[in-house]
Every structure is written in structure tokens, then in C-alpha cells.
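# Tertiary structure, described
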Amino acid sequence: MADTKHVVLPGTLNLLILKTLASLGELHGYGIARRIEQVSDDLLELNQGTVYPALLKLEQMGWIRTRWSTSENNRRAKYYSLTRAGRKQLTVEEDAWRRTSAIVTRFLTPSEK
Amino acid sequence: MTSLRILLSKLRGLFLKRRLEQDMQDEINAHLEMLIEDHVRQGMTPEEARYLALRKFGGVEQVKETHRERRTLAPVETLLRDLKYGFRMLRRSPGVTAVAVLSLALGIGANTALFSVVDAVLLKTLPVEDPERLLVFEWQAGRQYRTSGMSGTSNVDGPPGTRSLSLFRYDVFEKLHRAQSATPESPVSDLFAFAPLPELTAKLGDQAEIVDGQAVSGNYFNGLRLNPILGRAITTEDDRPGSTQVVVLSYQLWQDRFGANPNVIGQQFKLNQQSLTIIGVTPRGFNGTLQVGFNPAVTVPLSIEPLLRGDNSNLATANSPGVWWLNVMGRLKPGATEEQVRQSLNGAFQTAALEAMPPPRKSSDPAQLAPKDYPHLRFEPGNLGMMDRRKSYASTIYGLFIVVALVLLIACANLANLLLARATVRRPEISVRVAIGAGRWRLIRQLLTESLLLATLGGAIGVLFAFWGKSALVALTDNETGLLPNGVELSLNWRVLVFTLAVSLLTGVLFGFVPAWRATTLDLSTTLKESSRATGRVSGLSKGLLVVQVALSALLLVGAGLFIRTLYNLQRIKLGFNPENLLVFRLQPERAGYKEDQLLRFYQQLFERLDHLPSVSGATFARVELVANENWSNGFLLPGESVDATEHDTMRQMVRENYFATMEIPFLRGREFTPHDNLHAPAVAIVNQTFQHQYFPNEEVLGKRIRFTDDNKLEVEIVGVVADTKYDRQRDQDQPLLYTPWQQDPTSIGEMHFALRTVSNPATLAERVRLVVRELDSNLPVTQVGTQSARAEATLGQERLYARLLSFFGILALVLAAIGLFGVLAYSVSQRTKEIGIRMAFGAQVAQVIRLVIWQGMKLVLLGLVVSALIGYVLKRLLECEYFAPDSWQQQMAQQLYGVKISDPLTLIVIATLLTLVALLSCWLPARRAAKVDPLVALRYE
């Protein structure tokens, strides 16, 4: 099961980040990256650095907000959390993802009759 | 919305670059450190931890770059970067940059200055509310309809067979106005009339002065929606006969003559002997709605025009129904159209017009009168006031625009050459960029940014030049030059500045695009392989540009030369009288109310004093001032001709007995006038030679009687012949001229031009003369005072303007072309050092090298001269072409020259020689540098 690593599809990174923040509340960039790797059981090959441009985009869209604080190892770090608009966007993206995967699944399932 | 959010965020990224960059660094460093610490905790060595951390993170620089790009507005960043780079490139060769910017500044500045003229004369709308909604009313009718009397100018074009006028008679206007106000749903909200009152006598302090004024209907200011800055405006109440006589002052008059005193309201003011009450002052910048250049200093209601004009009133009097003299304008309601106005008011107008005009001549068949021949209304936009005169300025202005555009083109050509040369030098740099993946358009954009930078710098300095230039321009021009009407202020307003910006950008693209294109057309393999120096061959494009520059400069200089010769010729024309030491001035006693016998007495008394002024050797006067663009003509019949014969024409003049002696006009035969030629004596006349040759070529003219065909029906006997003189213009051919003695026609001496022959400088006498006149009558202004030579000189204003401006721009163009030639040759020599070294090593003499370089340049100059000759020939044929309508601006331009043809050989040879000499100098300097090449150094140097 853990042989091949899958590359994160472009576009899904946003969804993963939003979901992570929804579950865990406020996190800094490293925390988000680590969490995504953990949840996927290390199946997702994620270049950790790529979260930062994604986080910037999410912040520009108004779905997350940022705040500077001190991390657990006493470093100055930027913490990200969901806004209300972000929560709504998460729902939207989740639905979109489920619908897409359902359609593709149906497509792939051999049709009866 | 989200796009706004994103934009704001990106703007923030643009402005807070440094801080956000630091933030990003901090964030990534923190991430990496946390990652490393985790690895260390898992048991790796610091090096392994770090290595793995970097691998897990992914490419740090890529992330940073993506983040940077997303953070900010990419196009703006690119632009800023390009600009910084461009500045650096320009700073590298400051001399060249300075010359480039300077030439651009001169070219763009000239265009800006001229555009401010266009703006002020042709584009400036009336300073009233919503000028776009104003309409000028005109009318049109078949030629069969005649107006009973007309006063004023009306320059309206119409289809052939019709006549169009912008003048209305008062009763017609009244009926139109009544029709408009009677209909509440009329598309016109206000209808008003106005007319010029030129040359009113105003008593300002103890001096009498001549001012221009206008008469307006009561609702004029209301219709314009113009509010005075002091007091109140004229209303319909003031326009009733019998109400208080009021006057509104212009801002200019209030400033100049009343010291901007806020207490003028209520003061009395004398105009043409009538006492008027000042009720208001119009705002600054409002110059009435009449022709451009006519700036009324006072505005009065129409109802008091008869008081001011007396028997000359244009309104209806007991004797006549009045003349067609009023201009009419209307204000459209929002949303209304011209068509609606026509439908609404044409009927009323037609009825009124048909009542006012005599029926068509009997010869025309009423059945043939098409509906289009009936008088009907037509309209022109009213946002500029009355338009007619503006069009005549247009020809001069557009002609000059062509000149300054050419100068700018020459400057652009210089810059294009400069950039082409630089592009060749930068080839290796550019090819490297292309090799690592820069898009071609990206490179072109960057090169264009440099050009635009140059152009905008040039434009900015050009605005400065234009600012200085416009005061010079105003000083150079006056009413006579036909370029700038009186009282027009040139301002560098936003329209002019937008124009400058547009021209700058266009210029930058124009001279920058082709070199940029050329520079990025690269065959990478060869470019990277060959040595960084080019072969030094000047590209065909460069050569072409130089040829064009030389050709254009040649054309401008020839134009300048032709006008200088014209001016010279005009100034040398023999006038037929002696203009030296002659003081002239004008009196108009008739306007001050003098009647005929009073005039005779007044002039007698005046001459008694003038004759005895010290340093005056002769005092005389005439009805028409010579060489002043004035004329007076009459029709007449020869002896024995019946009343129905076609009348002949002659110019007229009315003079004092000592006129010919004082003006030093040779008297040929017969007798001169004497003081006995008065009303009790038989009517006599003296004619000039042209008159005699034209009308009595083979007979004795003395003793013949001729009869005038005007109202007076005067019959005169010719008693003398005098030599010809120039009459209204220096350049006109001699015309038949008939003189009559002043005492024999008191109806025509209401305005006279005096001439005093002085023994010394006439200018000092002016104040004495004013004193003398004031002693006799303090209400009589002395106007148009000056020396005869100065006044004659002033009529050549337009020719002088052309000569000056064309010379200035021609020399400018020549200098620019010379710089261009020098630049291209210098560059070529510097690139060909190796080749020259080889030649010299093989035995070429210094002289041969010099000849080589000079010929390289002169080839182009000669080609340029040939091209200019061709263009000149084409232009000459065009201007001589018969297709042009008479009075069109092309015809006007063709008639500017005097005494010299367009293909004048002397001018052409002089200019060609001048150009060749300057070009030789431009070629000589780089040639000298080539001659100094040391073959050993050149061959070694790579």
C-alpha cells in the first residue's frame, strides 16, 4: 500500500490546507505541511515549500488570515487560521471534489445492462 | 469583490516590498529550522538533517520566486525594473543622452507651443455653462431674395445658387423669439441676439478712448447662464426703451481702466456722449460671443443702440425698417435636437423673413422657386461663439503645424539612428539574453522602455521650452500676422499637456520600435560566434534616415529663404510718396457727434494749430490712410455714357490742398486743389496716371467730367494729374485713383487720417498732437498714432512671421541633421578602425582616408538634396494646381510670396551651398579622427 507516492494534484493543495486549518485551528506553515504528510500516511509527496505560495493565494482571496507569533521553539512564525469566508469556501471545495470524484468513478465503473 | 481584494493585496506587496521580503525569508527560515530540528530529534546528524530538510522542502529559490511573483503586480514590477535599467543605460553615455533629450525637447516643445495656439484659437469653448448646448442660428434662401440692408460680417458657406447669412433683422428676431417663448414645450429654452458695436468713444477719466462693445438682447446673459463677478447682468427689464441706461463692463476693462475697483457699480460712464450706469462686471476669460479677436469691453442692451449710434442705428427708425445685423443663438433643452428646433421654429422664421424681405425680382418665375429657396433656418454649433473668423486663422496655424511636425520628425530620425547604432553594440548582450530564454517581445518591451524614457524626458523639458516659447510667440504675433487674434491667452492647460504626453509617447514608439525590432532579430549562432564588434557598415535604414533629414531641412530652409526674400522685396517697394518722418494719426469726429458744418469748422481750427507746431514742416490729411489695408471705391460713368451703362470703378481719396506737396507725391499736370475749392465752387477732381491710362488713354483727361453712380450722384471735372502711389497694400499693382477736395463733400469727412511731416523724429510729436486735439475737444480720442514707416511695416506682419519662424525651424532642422550626420559617421569610423588601419598599412594616404569618410557622408547629403528638389517640385505643381477653390487655404499659401518664384534659383543655390558646407563640417570632424588612426594600434586592437 505504501509503495508509490502520489504527487499532490494542483488545485487540491488549497483544499488540503483549508481542511487542515478547519480541523486543527491555527497553524504555522511547517505545521500545515507536516500535518498533510501525516494524514496522508506519508503517501503524498509534497514539496513542503509549495504551501507558502498556496497560503499567499488563500490569504489574498480572503479565506485565511495571518498573525505573527512565537513558535514552540521560540522562533518568530506566521500563524494561519480560517476566516468565515474560508469555512464557506471549504464546504464549496469539498462538495466540488466529491462531485468530481463521483462523476469520474461512475465513468470508470463498467455500466450494467 | 475578490478581484479588488487581490488587487489591494498586490498593491500592498508592491509598496511594502522590503518588509514582505524579509517576512518571507523569516518564515521559510523558521520552517527549515523546525524541519531540521525534527530530523535531529529523530536521530540524524546535523548535516543529514539539513540535507533531508532541504530535500523535503523542495527548491527554496523556486518557492521564493513564485511567492514574490504572486505577491505583487508583475507588470508594474517589470516596468519599474525596465525603467531602472533604462536610466542606467542612459547615464552611461551622458553626452549622447543630453543631445538626444535636447533635440526631442525642442521638437516636442515646438509642437506643444503650437498646439496651445490651436487650443486657444480653435478649440476653446465659451466659458459658460454647457456650451455644447448652444446653437448659432443662420438662414439660407435662394439668390432671388435680397436683404434690404446688411451690416456686419457673415461668412457662411451654402450650396450654389443660394445665399446664407448669420445675420437677422430685429423684427425677424422678435417674431422668432415670440414664437419660441409662446411654446412651453419648445426644444429651445432661451433665444437671444447680440451684435458688435465697434469703436465706441468712451470717456475714461479725462481721456477719450476708443473701445469695442456689443449690444445684446435682454436675455443674453440668462441664456448663456453667465453670472457676473460683480454687480448684476443685463436683464429683459433693461432692454425696454425708456428704462435706465445700463452697461456691463468686461473684466479686462475693469482691471485696466478702473483699477479693479469694487465700487464701480452705480457709477456713471460716458459712451458716445451718452451717460450710462455701470451695473456689473463679467468674469475673467469671457470675451463675448462674437468673432475671435473681437473682445467687447462693454456690453449694453439692444434698446440703447440707437442712442449710441444716432442716425446710423441699425434698429428700425422712422426712415427705414432697419438692417440685418443681429447674430442669434439659442440654448437647447437637455435631449433636444437641431431637427426639433428646425421643426419648431422654421415656420415662424419663414413667415417673418418673407414679410421682411422684398419679393424676388420680377425676372424670376415664382413657379421656379423651389422650397429649398424659401428662407429657412440652419444651425451651427455655438460652443465656440461665432465661428467665421476662426477658419481664416486655421490655414496659418495648420501650415505652421506642418513645419513643427517636420522638425520633430527630424529629431526622431536622429534618435532612431542613435538607437540603431547602440543596438548593434549591444548585440552580444541581447543574444545572451535570448539564449537563456528571454522572449523576443520581452526584450523589445525593455528596449522600447528606454526609448519612451528618452521621449518622456524630452517631453518634460519640451513643456518647459513651450512655456518660454509661448511668450515669445505672443510677442511675435498680433492681429496682422493672422496667427493669433487679439486678446487670446495661451495657456498650457490639461488639454495641451495631454497632447504633449501623447506626442512624447508616440515619438518614443516611432523612433524606438524599429531599432528594437532590429536588435532582437538575431541569428544566435552567428552572433555569438563572431567578434563583438560589428563591421561598421552603416545600415540602409540609417542612411535612409539621414537622407530624409537632409531633405526636410533643405525644404524648411528654402521656405525660410523664400520668405526672407519676399519680406525684403516688400520692404523695398517704392510707395510713390515719402514715408520718412511722417507722423500719422486718426480722428473720427463724426462718432463724437459732429455734423457737417461743424466738421468743416473743426478741421479749420485744428489745422491752424497744427500748421504752427514747431518741427512740423507740413500738416495734411486724407480720408484713406495709405498702405494700411484700407480702401474706398466708387462706381462712375464716363462722359456721354447713359445711366444704364456698366459702371466703371475707381479708388477714391479725399485730401487737403497741400496733400501732394506734404506727402511728396509728384504732381504732373494741370492744377492742384486750393482752399477755394469749396462748396461754392465747381466740383473738381485730380486723378492719377493709372486712371488716365485706363480711362482716357488717347485723349486729354484735363477738363473731362465724370459722374459717380452712388447716392450723391456727384459730377466732377478733372483738373489735374498726379503720379501713382501704392494705395492699400505694398504688393498690389497700381490702381486708378481719384482725389477730391475735402471741403466739397462734408458728408464723407467724418473720419480723417492726418499726416504731419516733421523735421526730426516724428514719435516725439505724438504727445503734442494729443494735447492740441484735447484743447479743442476733450471728448475726441486720437487713435492709430504712429510713424508712417512703422505702420506700413506693420502690415507686413504675416510675411515677417513666416520668415522668422521658418528661419528658426529651418536652422534647428539643419543643426539636428548635422548632429545626426556627425553621429552616424563618428560611429562608423570608430567601428572601422581596424579596416582603416589595414588600408593605411597597405599604403593609403591620410588624404585618401579623409576623402573616404567625407565621401561616405556627402553621398547621403547630395542624395538628400536631390530628394528635396523632387519634393519641392511636386509641392510647386500642387500649389499651382487649379483645383483649389479660391480663398481656400492652399490658394492663400501660394499667394504669400512676392517677387520670387517657388523655384527661385538664387535661394535654391544659396541653401544648397549652405547645407553642403555644414554637412562638410559634420563629415570633416569624424574624418579627422579616422586620419589619426595609427595602423599598428588598430591592427593589434581587437
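Residues numbered from 1 in each chain as written. Chains lettered and ligands numbered in written order. Predicted model: local features only at pLDDT ≥ 70, side-chain atom pairs only at ≥ 80, totals over all residues. Heavy atoms only, no water.

## Regarding the overall build of chain A
Counted only if it meets this: By the criteria applied, helices consist of DSSP H or I runs no shorter than four residues and strands consist of E runs no shorter than two, each listed in order from the N terminus. Per-residue accessibility, obtained with a 1.4 Å probe over protein chains only, is compared with the maximum for each type, and a residue is labelled buried under 20%, exposed over 50%, and partly exposed between these values. Here, residues are in contact when the closest pair of their heavy atoms is within 4.5 Å. Accessibility throughout is a Shrake-Rupley quantity obtained with a 1.4 Å probe, and a residue counts as covered only by protein chains that appear here.
Broken down by element type, chain A carries four helices and five strands. Secondary structure elements of chain A occur, N-terminal to C-terminal, as β-α-β-α-β-α-β-β-α. Buried residues in chain A amount to 42% of all 113 residues. Counted over contacts in chain A with a minimum sequence separation of 6, partners at least 24 positions apart contribute 53%. Accessible surface for chain A amounts to roughly 7,000 Å². Of this, 54% is attributable to carbon and sulfur atoms.

## Points about the overall build of chain B
Threshold: Our radius of gyration is a C-alpha quantity, and the globule rule it is checked against amounts to 2.2 Å times the number of residues to the power 0.38.
Scanning chain B for helices and strands turns up 28 helices and 23 strands. Over its C-alpha trace chain B gives a radius of gyration of 38 Å, far above what one expects of a compact globule, namely 30 Å for 942 residues. For the C-alpha atoms alone, the extent of chain B along its principal axes is close to 135 × 80 × 65 Å. Taken across its 942 residues, chain B has 50% of its residues classed as buried. Relative to all contacts within chain B whose residues are 6 or more apart in sequence, the contacts with residues 24 or more apart total 80%. Here chain B displays about 44,700 Å² of accessible surface, and carbon together with sulfur accounts for 57% of that area.

## Describing the packing of helix H1 (residues 2-15) of chain B against helix H2 (residues 17-41) of chain B
Residue and element names in this part refer to chain B. For clarity, the threshold we go by: A fitted line through C-alpha atoms serves as each axis, taken over the contacting stretch for helices, and the angle formed by two N-to-C directions is quoted from 0 to 180°. Here the angle decides the label: under 35 degrees means roughly parallel, over 145 means roughly antiparallel, 65 to 115 means roughly perpendicular, and every other value means oblique. Here the term charged refers only to Asp, Glu, Lys and Arg, the term nonpolar to Ala, Val, Leu, Ile, Met, Phe, Trp, Tyr, Cys and Pro, and the term polar to all other amino acids, Gly among them.
Viewed as axis vectors pointing N to C, H1 and H2 meet at an angle of 95 degrees, and their least axial separation amounts to 5 Å. Classed by the angle they form, the pair H1 and H2 counts as roughly perpendicular. Counted together, Arg-12, Gly-13, Leu-14 and Phe-15 of H1 and Lys-17, Arg-19 and Leu-20 of H2 form the full contact between these two elements. Looking at side-chain class alone, the contact of H1 with H2 contains three nonpolar, one polar and three charged residues.

## Here we look at helix H18 (residues 596-611) of chain B
Under the convention used in this document: The span you would expect from a helix comes to 1.5 Å times its residue count less one.
Its 16 residues give H18 of chain B an end-to-end C-alpha distance of 22 Å, which sits within 8% of 22 Å, the value for a rise of 1.5 Å per residue. Tucked inside the fold, the buried residues of H18 of chain B contact strand E13 (582-587), strand E14 (616-622), strand E22 (752-758) and helix H21 (766-776) of chain B.

## Some details on the interface of chain A and chain B
The condition that has to hold: Computed with a 1.4 Å rolling probe, the buried area is the accessible surface lost when two parts are put together, summed over both parts. Any carboxyl oxygen of Asp or Glu within 4 Å of a side-chain nitrogen of Lys or Arg constitutes a salt bridge here.
At the junction of the two partners, chain A supplies 28 residues and chain B supplies 25 residues. Of the roughly 2,300 Å² buried where chain A meets chain B, counting both sides, 56% is carbon and sulfur surface. Together, Tyr-30, Tyr-52 and Gln-60 of chain A form the three largest contributors to the area buried by chain A at its contact with chain B, with a combined 30%. Between the two partners, chain A and chain B, sit five salt bridges. A salt bridge links Arg-76 of chain A to Asp-23 of chain B; the nearest nitrogen and oxygen atoms lie 3.9 Å apart.

## Quick word on the sheet that holds strand E5 (residues 76-82) of chain A
All names here are of chain A. Quick note on the threshold: Pairing between strands is defined by DSSP: at least two bridges between them are needed.
Within the open sheet, the three strands sit side by side as E2-E5-E4. Their pairing is antiparallel. The open sheet terminates on both sides in strands that have one partner only, identified here as strand E2 (27-28) and strand E4 (64-70). Relative to E5, E2 is paired through two bridges, and the arrangement is antiparallel. Bridge pairing in E5 places His-28 opposite Tyr-79.

## Looking at the environment of Phe-379 of chain B
With respect to the helices, strands and loops of the structure, Phe-379 of chain B is situated in strand E12 (residues 376-381). Not counting the four nearest positions on each side in its chain, Phe-379 of chain B is found in contact with Leu-135, Val-136, Phe-137, Glu-338, Val-341 and Arg-342 of chain B.

## A short note on the pairing of E5 of chain A
Residues and elements named next belong to chain A. The buried fraction of E5 is high, at six of seven residues. Both E4 and E5 contribute to a ladder of seven bridges, which runs antiparallel. If you follow Trp-68 over to E5, its bridge partner there is Lys-78. The turn joining E4 and E5, which pair antiparallel and follow one another in sequence, is formed by five residues; a positive phi near 60 degrees is taken by Asn-74.

## What about helix H15 (residues 494-520) of chain B?
Our working rule: Throughout, the bend at a residue refers to the angle made by two axes, fitted to the seven residues ending there and to the seven starting there.
Here H15 of chain B spans 37 Å end to end across 27 residues, near enough to the 39 Å set by a 1.5 Å rise per residue. At Gly-512 of chain B, H15 of chain B is deflected by roughly 35 degrees, the largest bend along its length, and proline Pro-515 of chain B occurs up to four residues later in sequence.

## Considering a positive patch on the surface
Formally: Patches here are clusters of residues that have more than 30% relative accessible area and form no salt bridge, with a 9 Å joining cutoff for like charges and a 5 Å cutoff for nonpolar side chains (Val, Leu, Ile, Met, Phe, Trp, Tyr). Neither His nor the chain ends contribute to the count of charged residues, in which Lys and Arg are positive and Asp and Glu negative. A single reference atom marks each charge: NZ on Lys, CZ on Arg, CG on Asp, CD on Glu.
Taken together, Arg-81, Lys-84, Arg-88, Arg-91 and Arg-92 of chain B make up a surface patch of like positive charges. You can see Arg-81 of chain B is positioned in helix H5 (residues 74-92).

## Re the environment of Asn-712 of chain B
All names here are of chain B. Here Asn-712 is to be found in the loop between strand E19 (705-708) and strand E20 (715-722). Overall, the relative accessible area of 48% leaves Asn-712 in the partly exposed class. Other than its neighbours up to four places away in sequence, Asn-712 contacts Asp-745 and Thr-747.

## Remarks on a nonpolar patch on the surface
Residues Leu-4, Leu-7, Leu-8, Leu-11, Phe-15 and Leu-16 of chain B make up a contiguous nonpolar surface patch of roughly 540 Å² in combined accessible area. For Leu-8 of chain B, the position within the fold is in helix H1.

## A few points about the pattern of salt bridges
All names here are of chain B. Evaluated as defined, the whole model comprises 46 salt bridges over all chains. Close ionic contact of Lys-64 with Glu-61 constitutes a salt bridge, the shortest N to O distance being 4.0 Å. Here Lys-64 and its partner Glu-61 are both found in helix H4 (residues 60-71), three residues apart, which amounts to about one turn of the helix. Among the charged side chains, a network of salt bridges with common partners joins Glu-21, Glu-65, Arg-68 and Arg-71.

## Regarding the packing of helix H23 (residues 797-831) of chain B against helix H27 (residues 905-931) of chain B
For any two helices packed against each other, one specifies the crossing angle of their axes together with the interaxial distance. Residue and element names in this part refer to chain B. Quick note on the threshold: Here a crossing is called left-handed whenever its near helix is offset anticlockwise from the far helix by less than a right angle, and right-handed whenever the offset is clockwise.
Between H23 and H27, the least distance of the axes is 9 Å, while the angle of their chain directions is 25 degrees. Comparing their axes, H27 and H23 come out roughly parallel. Handedness of the H23/H27 crossing: right-handed. Between H23 and H27, the residues in contact are Leu-814, Ala-818, Leu-821, Phe-822, Leu-825, Ala-826 and Val-829 and Leu-914, Leu-915, Val-918, Ala-919, Ser-922, Cys-923, Leu-925, Pro-926, Arg-929 and Ala-930, respectively. Residues belonging to the contact of H23 with H27 are distributed by class as follows: 15 nonpolar, one polar and one charged.

## Quick word on the packing of aromatic side chains
Residues and elements named next belong to chain B. We count it as follows: Here the aromatic set is Phe, Tyr and Trp, taking the six-membered ring for Trp, and pairing holds for ring centres within 6.5 Å; pairs whose planes are under 30 degrees apart are stacked, those over 60 apart are edge-to-face, and all others are tilted.
Counted under the stated rule, the structure contains 38 aromatic pairs over all chains. Where Phe-636 meets Phe-691, the ring centres are 5.5 Å apart and the plane angle is 25 degrees; that geometry is what we call stacked. Taken together, the residues span a long stretch of sequence, with Phe-636 in strand E15 (residues 633-637) and Phe-691 in helix H20 (residues 689-695) at a distance of 55 residues. One exposure class covers both Phe-636 and Phe-691, and it is buried. Taken together, a centroid distance of 6.2 Å and an interplanar angle of 50 degrees make the contact between Tyr-659 and Tyr-739 tilted. Here Tyr-659, found in helix H19 (residues 659-663), pairs with Tyr-739, found in strand E21 (residues 737-741); they are 80 residues apart in sequence, far enough to count as distant. Here Tyr-659 and Tyr-739 have matching classes, each one buried.

## Some thoughts on the nonpolar core
Residue and element names in this part refer to chain B. Threshold: Throughout this description, the term nonpolar core refers to a set of buried Ala, Val, Leu, Ile, Met, Phe, Trp, Tyr and Cys residues connected via side-chain atoms within 4.5 Å.
By size, the foremost hydrophobic cluster in this structure holds 57 residues, and its most contacted members are Phe-137, Phe-168, Leu-249, Phe-258, Phe-269, Leu-271 and Val-300. Examining the composition of this core, we find that eight residues originate from one element, strand E4 (residues 188-204), more than from any other. In this view, Leu-249 contacts Trp-254, Phe-258, Phe-269, Ile-278, Gly-280, Val-281, Thr-282, Ala-297 and Val-298; residues no more than four positions away in its chain are not counted.

## Considering unusual backbone geometry
Positive phi, normally seen in glycine, also occurs at Arg-225 of chain B, with a value near 60 degrees. We note that Ser-615 of chain B has phi near 65 degrees; this positive angle belongs to a residue other than glycine.

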